[in-house]
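# Commentary on secondary and tertiary structure
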Amino acid sequence: MLSRAARPALRAAVAAPSRAAAGPNTAATYATLREIETRLKSIRNIEKITNTMKIVASTKLTRATRSMNDSRKYGQTSNEVFEAAETTAAEADEKKSLVIVCSSDKGLCGGIHSGMSRTIRRLFAEGENFDLVLIGEKSKAQLQRTNAKNIQLSFAGIGKDIPTFADAQAIADQIVNLPTEYTDVKILYNKFINATSYEPTFIEAFSEEAISQSPNISAFEVEDDALGNLREYSLANSLYWALAEGHACEQSARRNAMDNASKNAGEMIGKYQILYNRTRQAVITGELVEIITGATASADM
Amino acid sequence: MTAAWKAAGLTYNRFLAVSARAIRRSLKEDKRIVAERRATSELRFASWKNGKAGEPRDLNAANAAATAENASS
C-alpha cells in the first residue's frame, strides 16, 4: 500500500530538478514558488516514509540475523551426513534437474531478487535445462516472463515474517510430491556475506539414488526406506536454511536501500530549500522595485 | 518394516510436523504461545502447466489432501 503510493512521487521528485531550475527566470514567479513549496513538502514526506521503513527493517534485521545463524547450524548439521558419506550429485544419463528459487513477496529492497533471476537466466542462456520452483511473488513476477514453461510450482505468502520450519516442511512436502523424478535438486538463495553484499548461491539437495550411491555410505548402517526419509528431511532443512538466510539478506538490503533513499531525499530537500529561499527573495525584490517605481512616479506628478 | 505413519500415507516431514505440533500443544501456557507462533505457515501455492499458473491454493490444505490420497492408495 505504502510502497505503491510512494513510487510515483519518487519518480516525480527525480524528474523535478530540470523543470524547476528553469522556473525562477520565467514570468510566473508566484506559481513556481508554490510549486517548489509543494514539491519540498512531498519530498519531506517521502523522506519520513523511507526513514521509518529503514528503522523497521533495522529492527527486523537483528531478529532475522539471529534466525539465520540458527538455521545455518541446522543446514550444516544435516549436511554433515553427506560430507561423511562423500555424496555427490548422481551421474545419470538423463539429467532432470530442479532449481528452487528462494525469494520473497516484498520489494523495495534493492537488487537481491533480480540478482537471483539473473543467475537463473544466465544458466538458461548457457544451455542448461531445468525445472523451476519459485518461492515468493517477486521471483515469480520476474521469471514468468522469460521462463514460464519451466515453472512447476510457485509459492506465495513468504517473507512477511521470519520463515518458520513449518513453512520449509510444507514446501519440501509439495516438492517431494511432484510427479517427475528429479536426479538433482538445487536450492538458489542469497548468501549473506556481509551487511552490504550478497551472492546468489546454490545448496545441493541430493536425490535418493545419489545418497545410496555415495562412496562412503557403508559407514552408516541404515534401513532401505530410511534413506527416503533422510532425503525429505534434509530437503526441508536446506530449504529452511535458504529461506532464513534469504530473509536476512532481504532485510539488510532493504535497510541499505532505505538508508540511501533517505540520504538522497535529504540532499534534495537541501537543494530545494535553497532554491525556495532564493525564489522568495527574488519575488520580494521584484515587488519592492515595483512599489518604489510606482511611488517615485506618483511623487513626480 | 514400515512404520505406522508411513502406512497412513504421511511423508516424513508431515510426520515430523504432526509430532512437533503435539509437543508444542503439551507445553505450559506461557511457553506454548511462543512456540505456537513458530508453527504458523500461511503459504499459498500454484502448480504450473505449460507456462500457465493454476489456481492458487492453500498449501497446508493441499498437503493434507495429498496425505489422504496417499493413504487410500
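Treat the numbers as computed from the prediction; the structure is a model and nothing was measured. (Residues numbered from 1 in each chain as written. Chains lettered and ligands numbered in written order. Predicted model: local features only at pLDDT ≥ 70, side-chain atom pairs only at ≥ 80, totals over all residues. Heavy atoms only, no water.)

When helices and strands are tallied, chain A shows seven helices and five strands. The order of helices and strands in chain A, counted from the N terminus, is α-α-β-α-β-α-β-α-β-β-α-α. In chain A, which comprises 301 residues, the share counted as buried stands at 46%. Taking the contacts inside chain A whose residues are at least 6 apart along the sequence as the reference set, 77% of them involve residues at least 24 apart. Total accessible area on chain A stands at roughly 15800 Å², and carbon and sulfur atoms take up 54% of it. (Helix = DSSP H or I, 4+ residues; strand = E, 2+ residues; numbered from the N terminus. Buried < 20%, exposed > 50% of the residue type's maximum accessible area, 1.4 Å probe, protein only. Contact = heavy atoms within 4.5 Å. Areas by Shrake-Rupley, 256 points an atom, 1.4 Å probe, with all protein chains shown as cover.)

Another point: the overall build of chain B. Of the regular secondary structure elements, chain B holds four helices and three strands. Sequence-ordered secondary structure for chain B, helices as α and strands as β, is α-α-α-β-β-β-α. By the compact-globule yardstick of 11 Å for 73 residues, chain B is too spread out, its C-alpha radius of gyration being 16 Å. Along the first, second and third principal axes, the C-alpha set of chain B runs to 50 × 35 × 15 Å. Taking all 73 residues of chain B together, the buried fraction comes to 26%. At a minimum sequence separation of 6, the contacts of chain B that also span at least 24 residues come to 21%. A total of about 5000 Å² of accessible surface is found on chain B, and carbon and sulfur atoms cover 56% of it. With 14 positive and 7 negative side-chain charges, chain B shows a separation of 5 Å between the mean positions of the two kinds. (Rg over C-alpha atoms; globule rule 2.2 N^0.38 Å. Lys, Arg positive; Asp, Glu negative; His and termini not counted. Charge placed at Lys NZ, Arg CZ, Asp CG, Glu CD.)

Within the secondary structure, Thr11(B) is located in the loop between α1 (4-7) and α2 (12-25). When sequence neighbours within four positions are dropped, the list of residues in contact with Thr11(B) reads Asp173(A), Glu232(A) and Trp5(B).

Counting residues at the interface gives 29 residues for chain A and 30 residues for chain B. Counting each side, the surface lost to burial between chain A and chain B is near 2400 Å², with a carbon and sulfur contribution of 49%. Our enumeration of links across chain A and chain B arrives at zero salt bridges. Between the two partners, chain A and chain B, sit nine residue pairs in polar contact (both at pLDDT 80 or more). (Buried area = accessible area lost by both parts, 1.4 Å probe. Salt bridge = Lys/Arg side-chain N within 4 Å of Asp/Glu carboxyl O. Polar contact = N/O pair within 3.5 Å; in protein donor to acceptor, adjacent residues only side chain to side chain.)

Here we come to the pairing of strand β4 (residues 184-194) of chain A. All names here are of chain A. The sheet contact formed by strand β1 (residues 97-102) and β4 spans five bridges and is parallel. From the neighbouring strand, Ile100 faces β4, where its bridge partner is Ile187. Counting the residues that bridge the hairpin from β4 to strand β5 (residues 197-206) gives two residues. (Pairing = 2+ DSSP bridges.)

Turning our eyes to something else, we now look at the pattern of salt bridges. With the rule as written, the count across this model stands at nine salt bridges over all chains. The salt bridge partner of Arg254(A) is Glu250(A), with a shortest N-O separation of 2.9 Å. Linking Arg254(A) with Glu250(A), this pair stays in helix α7 (residues 224-300), spanning four residues, or about one helical turn. Comparing Arg254(A) with Glu250(A) shows no difference in burial state: the two are buried. Arg32(B) is paired through a salt bridge with Glu36(B); the nearest N and O atoms lie 3.7 Å apart. One end of the pair is Arg32(B) and the other is Glu36(B), both in helix α3 (residues 29-37) and four residues apart, which spans about a single turn. Via salt bridges that share partners, Glu29(B), Arg32(B) and Glu36(B) belong to a single interconnected network.

Turning our attention to the environment of Ser262(A). Residues and elements named next belong to chain A. With respect to the helices and strands, the residue Ser262 is situated in helix α7. Residues Ser262 and Ile46 lie 216 residues apart in sequence; the distance between their C-alpha atoms is 8.0 Å. Setting aside residues up to four positions removed in sequence, Ser262 forms contacts with Glu47, Thr50 and Asn51. Separated by 3.1 Å, the side chains of Ser262 and Thr50 make a polar contact.

With that settled, the discussion passes to the side chain of Ser71(A). Residue and element names in this part refer to chain A. Counting through the fold element by element, Ser71 comes out in helix α2 (residues 29-85). A residue is classified by how much of its surface remains accessible, and Ser71, at 0% relative accessible area, is buried. Within polar-contact distance, the side chain of Ser71 engages the backbone oxygen of Met68 at 2.9 Å. For Ser71, the residues in contact, after removing those within four places along its chain, are Tyr240, Trp241 and Ala244.

Counted according to the given criterion, the structure contains 13 aromatic pairs over all chains. Here Phe192(A) and Tyr198(A) contribute two aromatic rings whose centre-to-centre distance is 6.5 Å and whose plane-to-plane angle is 45 degrees, an arrangement assigned as tilted. Linked through ring pairs, Tyr74(A), Phe165(A), Tyr233(A), Tyr240(A), Trp5(B), Tyr12(B) and Phe15(B) together constitute an aromatic cluster. The ring of Phe202(A) carries Lys186(A) above its face, with NZ or CZ at 5.4 Å from the centroid. (Phe/Tyr/Trp six-rings, centres within 6.5 Å; stacked < 30°, edge-to-face > 60°. Lys NZ or Arg CZ within 6 Å of the ring centre and 35° of its normal.)

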